[in-house]
Amino acid sequence: MSSPSVNTSLTSSPQKERDSKERENPDENYDQFDDDEPDLHYGSTSSGRKRLFSKELRCMMFGFGDDQNPYTESVDLLEDLVIEYITETTHKAMETGRTGRVQVEDMVFLVRKDTRKFARVKDLLTMNEELKKARKAFDEVKYAGVS
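Values in this document were obtained by computation on a predicted structure and should not be read as measured data.

A. Representation of the packing of helix H3 (residues 72-95) against helix H4 (residues 104-111) in the model. Close contact between H3 and H4 brings their axes to 9 Å; oriented N to C, the two are set at 115 degrees. By the angle between their directions, the pair H3 and H4 is classed as roughly perpendicular. For the crossing formed where H3 meets H4, the hand is right-handed. For the pair H3 and H4, the contacting residues are Thr89, Lys92 and Ala93 in the first and Asp106, Met107 and Leu110 in the second. Of the residues assigned to the contact of H3 with H4, the class counts are three nonpolar, one polar and two charged.

B. Just the side chain of Thr96, in detail. Position of Thr96 relative to the elements: it lies in the loop between H3 and H4. Only 2.8 Å separates the side chain of Thr96 from the backbone oxygen of Lys92, close enough to count as a polar contact. Among all residues touching Thr96, those that are not within four sequence positions of it are Arg101, Asp106, Phe109 and Leu110.

C. Inspection of the packing of helix H2 (residues 54-63) against H3 at higher detail. For the pair H2 and H3, the least separation of the axes is 10 Å and the interaxial angle reads 110 degrees. With respect to their mutual orientation, H2 and H3 come out roughly perpendicular. Contacts between H2 and H3 involve Ser54, Leu57, Arg58 and Met61 from the first element and Thr72, Ser74, Val75, Leu78, Glu79 and Val82 from the second.

D. Focus on the layout of surface pockets. Reported here for the largest pocket is a volume of approximately 430 Å³. Lining of the largest pocket is provided by Tyr85, Ile86, Thr89, Thr90, Val104, Met107, Val108, Val111, Arg116, Lys117, Arg120 and Val121. Residue composition of the lining of the largest pocket, grouped by class: seven nonpolar, two polar and three charged. Counting only domains with at least three residues in the lining of the largest pocket, you end up with domain 1 (48-99) and domain 2 (113-146).

E. Focus on H3. Look at H3: 35 Å from first C-alpha to last across 24 residues, which is about the 34 Å you get at 1.5 Å a residue. For H3, the complete set of buried residues consists of Val75, Asp76, Glu79, Ile83, Thr89 and Ala93. On its buried face, H3 sits against H2 and H4. Of the residues flanking the end of H3, it is Gly97, one or two places downstream, whose phi is positive at about 65 degrees.

F. Here's a closer look at the packing of aromatic side chains. As enumerated under the stated definition, the model contains zero aromatic pairs in all. Its end group placed over the ring of Phe109, Arg112 keeps NZ or CZ at 3.8 Å from the ring centre.

G. Summary view of the confidence of the model for the protein. Here the protein averages 77 in pLDDT, while 65% of its residues score no lower than 70. Segment residues 3-16: pLDDT under 50, and three contacts once partners within four positions in sequence are set aside and those in other chains are kept. In this model residues 26-42 is a low-confidence stretch, pLDDT under 50, and it forms seven contacts with partners more than four residues away in sequence or in other chains.

H. Structural context of the side chain of Ser54. Turning to its location among the elements, Ser54 is positioned in helix H2. The exposure class of Ser54 is buried, given its relative accessible area of 16%. Apart from residues no more than four positions distant in its own chain, Ser54 is found in contact with Val75 and Glu79.

Scoring rules and cut-offs
- Counting restarts for each chain, with residues numbered from 1 along the sequence as it is written.
- In view of the model being predicted, local features appear only for residues whose pLDDT reaches at least 70, and side-chain atom pairs are presented and counted only at 80 or more, with totals across whole chains, interfaces and linings using the full set of residues.
- Only hydrogens and water are set aside when side-chain values are computed; all heavy atoms of the structure are taken into account.
- Think of each axis as a best-fit line through the C-alpha atoms, taken over the contacting stretch in the case of a helix, with angles from 0 to 180 degrees between the N-to-C directions.
- Helical segments are the DSSP runs of H or I of at least four residues, strand segments are the runs of E of at least two, and each set is numbered from the N terminus.
- Oblique is the label for every angle not falling under 35 degrees (roughly parallel), over 145 degrees (roughly antiparallel), or within 65 to 115 degrees (roughly perpendicular).
- By convention the crossing between two helices is left-handed if the near helix lies anticlockwise of the far one by an angle smaller than a right angle, and right-handed if it lies clockwise.
- In what follows, residue pairs with any heavy atoms lying within 4.5 Å of each other are defined as contacts.
- Under the scheme applied, nonpolar residues are Ala, Val, Leu, Ile, Met, Phe, Trp, Tyr, Cys and Pro; charged residues are Asp, Glu, Lys and Arg; polar residues are all the others, including Gly.
- Any pair of nitrogen or oxygen atoms within 3.5 Å is treated as a polar contact; in protein, a donor-acceptor pairing is required on top of that, and neighbouring residues in sequence qualify only through side-chain atoms on both sides.
- Using a grid of 1 Å spacing that covers the protein atoms alone, one calls a set of points a cavity when a 1.4 Å probe fits there but cannot get out, and a pocket when the set is open and has protein on both sides within 12 Å along at least five of seven lines; lining residues are those with an atom within 4 Å of a point.
- Grid points are joined across faces, edges and corners, and a volume is the space filled by probe spheres set on the points.
- Note that the domain bounds reflect an automated or database-derived domain assignment.
- To estimate the expected span of a helix, subtract one from its residue number and multiply by 1.5 Å.
- Residue exposure (1.4 Å probe, protein chains only): buried if accessible area is under 20% of the type maximum, exposed if over 50%, otherwise partly exposed.
- Think of it this way: a Phe, Tyr or Trp ring, Trp meaning its six-membered ring, pairs with another when their centres are within 6.5 Å, and the plane angle makes it stacked under 30 degrees, edge-to-face over 60, tilted otherwise.
- Lysine NZ or arginine CZ positioned within 6 Å of the ring centre and within 35 degrees of the ring normal marks a charge as sitting over the ring.
- Per residue, pLDDT captures the predictor's confidence, and it can take any value from 0 to 100.

Have a look at this one:
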């Protein structure tokens, strides 16, 4: 039995069409590009959303062992993941507790089973309280010295 053969001369690909056009019109400008990929500008996504965390993510990636100037595609992918996580967590927090409002307790409730996240949230909340007390004490000393 013979295998069916495909006549490649009848099937045309975009590359073959471009090659034949170049042979027909060699004087034409070669500055034309394919519109296969959308234009991506540094600092924005294909959807036009501005990149919010790219500088911080680049520094974090370097701190965790990546190159000092990581690939833009890697940073963009990581930022997409971060924004997706923040969005999902915020939506879950809005459904927890008072519907439509995000409160600190709701965020703590969501991360309670993840020990690393829970410990970090607890540390940040403790540090925030300490900073508030320090600012209050500083303001009291500042205003007490003025009178």
